[in-house]
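Below are the chains, spelled out letter by letter.
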Amino acid sequence: MPDLVPSHNSHNSQISQADTDQELIDLWLRTKQSPKTRTEYRRDVLAFTSSRPGSDLRHVRLVDLQDYADSLVT
C-alpha cells in the first residue's frame, strides 16, 4: 500500500514509504515516543484489522472507523 509517512525524527525531512499495511502501521508507531503508547496502539490496530478479515487499510473509510468505535462503546 503506497503511503507516505514522515519519519519519526522531526529534524529529518526524509519520507518513508510503506508497501504493506504492516509497514504502514510500523512507520506510524515509530512516530510515538512512549513504548507503552506503541504497545497499546498496536493492540488497538490489531483489534480493528481483525474485525475486518480479508480487507486492507487502503479500503478503510472514515465510517468504518466510526462504526468500529461505536461498537466498542456498546
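Residues numbered from 1 in each chain as written. Predicted model: local features only at pLDDT ≥ 70, side-chain atom pairs only at ≥ 80, totals over all residues. Heavy atoms only, no water.

*Asks:* Explain the packing of aromatic side chains here, please?
*Replies:* Counted according to the given criterion, the structure contains two aromatic pairs. Ring centres 5.1 Å apart and planes at 75° place the aromatic pair Phe48 and Tyr68 in the edge-to-face group. Remark: Tyr68 occurs in helix H3 (residues 62-73) and Phe48 occurs in helix H2 (residues 35-50); sequence separation between them is 20 residues. With relative accessibility at 18%, the residue Tyr68 sits in the buried group. (Phe/Tyr/Trp six-rings, centres within 6.5 Å; stacked < 30°, edge-to-face > 60°. Helix = DSSP H or I, 4+ residues; strand = E, 2+ residues; numbered from the N terminus. Buried < 20%, exposed > 50% of the residue type's maximum accessible area, 1.4 Å probe, protein only.)

*Asks:* Is there a simple way to think about the pattern of salt bridges in this case?
*Replies:* Should their charged atoms come close, side chains of opposite charge can pair. Using the criterion set out here, one finds six salt bridges in the structure. Taking the shortest distance from any N to any O, the salt bridge between Arg58 and Asp56 comes out at 3.3 Å. Between Asp64 and Arg61 there is a salt bridge, with the nearest N and O atoms lying 3.3 Å from each other. Of the residues examined, Asp64 reaches a relative accessible area of 13% and is grouped as buried. With relative accessibility at 52%, the residue Arg61 sits in the exposed group. Overlapping salt bridges, with partners in common, bring together Glu40, Arg43 and Asp44 in one network. (Salt bridge = Lys/Arg side-chain N within 4 Å of Asp/Glu carboxyl O.)

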